[in-house]
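# Per-entry structural report
Single-letter residue listing:
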Amino acid sequence: MTPCWSVLRPAMREGSGMVAFHKRFPDRYYDVGIAEQHALTFAAGLACEGVKPVVAIYSTFLQRAYDQLIHDVALQKLPMVLALDRAGIVGADGATHAGVFDIPFLRCVPNVSVACPADENECRQLLTTAYQQDHCVAVRYPRGAGVGAKVEAGLSPLPFGKGEIRRQGQRIALLAFGTLLYPALEVAESLNLSVVNMRWAKPLDVELLAQVAHSHDALVTLEEGAVMGGAGAAVLEALQVLDIHKPVLTLGIADVFTEHGDPVKLLAELGLDAAGIRASIAKKFPQLLS
């Protein structure tokens, strides 16, 4: 396998994982500083020379290198991994650091895929999957601690572009993209609903989506990101192409900038904790819960 080369956007704190990587592999690590455009173009140059770069960058700061992503990476179908830290609500860093726009602005670019791991173990697996592809793959993961999932030994990949059914229930299926899988499972247990861990916003697992849509009366999409153009929108587009007509509730972050504050409280205010998700489903589909 081609050695992994890391191109890092910000200067990292002593003791961070990337600093440890730098000390262990000094010839495979480049800290480009606060220069996002340069990071992408530099990584593209590495990819042109046959190495596989991993660009570690905050989700919200990838926006600054959007031109380079399209023209220097995607147009040439260059293989690299975009490790998107701070995807979703980040809380203390405020609106400037909230990574809520990456799914909409990435999934419209050809030759770019988007993975949405639900926990720390799946993040490792999807980063491995992304590394094995021959094009650009972004893996979005949140700031802070994970849910406490058991981390498996080794770096086994997951099937590219494929999700999984995590709970089989009745009438309504919750389609979770990323970290909202766990509140979705909590809600599903109380209401006896199905839960699908979609894993990929692009490519969407259309086969699984069709299967779930045909076997349920309604669908609910869940994402810690902007709903306008996001993963829920991708589901709606796919259902239209499939000519499947089912009611869909898309839950995520509305057309607003998120406030500074504790992430748990912010998710509750946005209606994306278990209580908020349950309330939205009850309001939208009361006849299906009776």
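On a predicted model such as this, the values are computed, not experimentally measured, just so you know. (Residues numbered from 1 in each chain as written. Predicted model: local features only at pLDDT ≥ 70, side-chain atom pairs only at ≥ 80, totals over all residues. Heavy atoms only, no water.)

### Quick look at the overall build of the chain
Stated formally: Think of it this way: any DSSP run of H or I at least four residues long counts as a helix, any run of E at least two long counts as a strand, and we number them from the N terminus. We take the radius of gyration over the C-alpha atoms and set the globule estimate at 2.2 Å times the residue count to the 0.38 power. Relative accessibility thresholds used throughout: buried, under 20% of the residue-type maximum; exposed, over 50%; partly exposed, between the two (1.4 Å probe, protein chains only). Any two residues having at least one pair of non-hydrogen atoms within 4.5 Å are treated as being in contact.
Along the chain, the regular secondary structure elements total 12 helices and 12 strands. Scaling as 2.2 N^0.38, a compact globule of 290 residues should have a C-alpha radius of gyration of about 19 Å, and the chain matches this with 19 Å. Here the C-alpha coordinates of the chain stretch approximately 60 × 40 × 35 Å along the principal axes. Taken over 290 residues, the chain has a buried fraction of 53%. Across the chain, every contact between residues at least 6 apart in sequence was considered, and the portion connecting residues at least 24 apart equals 75%.

### What about helix 6 (residues 120–131)?
The line we're drawing: One less than the number of residues in a helix, times 1.5 Å, gives the span that helix is expected to have.
With 12 residues, helix 6 ought to run about 16 Å at 1.5 Å a step, and its terminal C-alpha atoms sit 17 Å apart, in line with that. Here helix 6 lies mainly inside the structure; 9 of its 12 residues are buried. Residues of helix 6 that are buried: Asn121, Glu122, Cys123, Gln125, Leu126, Thr128, Thr129, Ala130 and Tyr131.

### Looking at helix 9 (residues 231–242)
Here helix 9 spans 16 Å end to end across 12 residues, near enough to the 16 Å set by a 1.5 Å rise per residue. Considered for burial, the residues of helix 9 that qualify are Ala231, Gly232, Ala233, Ala234, Val235, Ala238 and Leu239. For helix 9, the elements touching its buried residues are helix 5 (102–107), strand 8 (172–177), strand 10 (200–202), helix 8 (206–214), strand 11 (218–226) and strand 12 (248–253). Downstream of helix 9 by one or two residues, Asp243 has phi in the positive range, about 60 degrees.

### Remarks on the state of the cysteines
Simply put, the disulfide is a covalent bond whose two ends are the sulfur atoms of two cysteines. As a reminder, the rule being used: Here, the term disulfide refers to a pair of cysteine sulfur atoms separated by no more than 2.5 Å.
This structure, assessed with the given rule, holds 0 disulfides. Unpaired in this structure, Cys123 has its nearest cysteine sulfur neighbour in Cys116, at a distance of 11 Å. We classify Cys123 as buried; its relative accessible area is 12%. Between Cys136, a free cysteine, and Cys108, which holds the nearest cysteine sulfur, the sulfur-to-sulfur gap is 13 Å. According to the relative accessible area criterion, Cys136 is buried, its value standing at 0%.

### Let's talk about the pairing of strand 12
To keep things clear, this is the line we draw: Pairing between two strands is assigned when DSSP locates at least 2 bridges connecting them.
Across the 6 residues of strand 12, 5 count as buried, placing the element largely inside the fold. Both strand 11 and strand 12 contribute to a ladder of 5 bridges, which runs parallel. Residue pairing in the sheet places Val220 in a bridge with Leu249 of strand 12.

### Observations concerning the sheet that holds strand 9 (residues 194–197)
Counted only if it meets this: All axes here are fitted lines through C-alpha atoms, helices being fitted over the stretch that makes contact, and every angle between N-to-C directions spans 0 to 180 degrees.
The strand order across the open sheet built from 5 strands is 7-9-8-11-12, with neighbouring strands paired in mixed fashion. The sheet is open, and its two borders are formed by strand 7 (164–167) and strand 12, each paired with just one other strand. Between one strand axis and the next, the sheet turns through 25 degrees on average, direction left out of account. Relative to strand 9, strand 7 runs antiparallel, the two being bridged by 3 bridges. Pairing of Ile165 across the sheet is with Val196, part of strand 9.

### Things to note about the nonpolar core
In plain terms, the rule: For our purposes a nonpolar core is just a set of buried Ala, Val, Leu, Ile, Met, Phe, Trp, Tyr and Cys residues, chained together by side-chain atoms within 4.5 Å.
Counting 46 residues, the largest nonpolar core has Leu40, Leu82, Leu106, Leu175, Phe177 and Leu219 as the members making the most contacts within it. Once residues lying within four places of it in the same chain are set aside, the contact partners of Phe177 are Cys116, Met198, Trp200, Ala201, Leu204, Leu222, Glu223, Glu224, Ala231 and Val235. Listed in part, the 30 residues of the second largest apolar core include Ala188, Leu251, Phe285 and Leu288.

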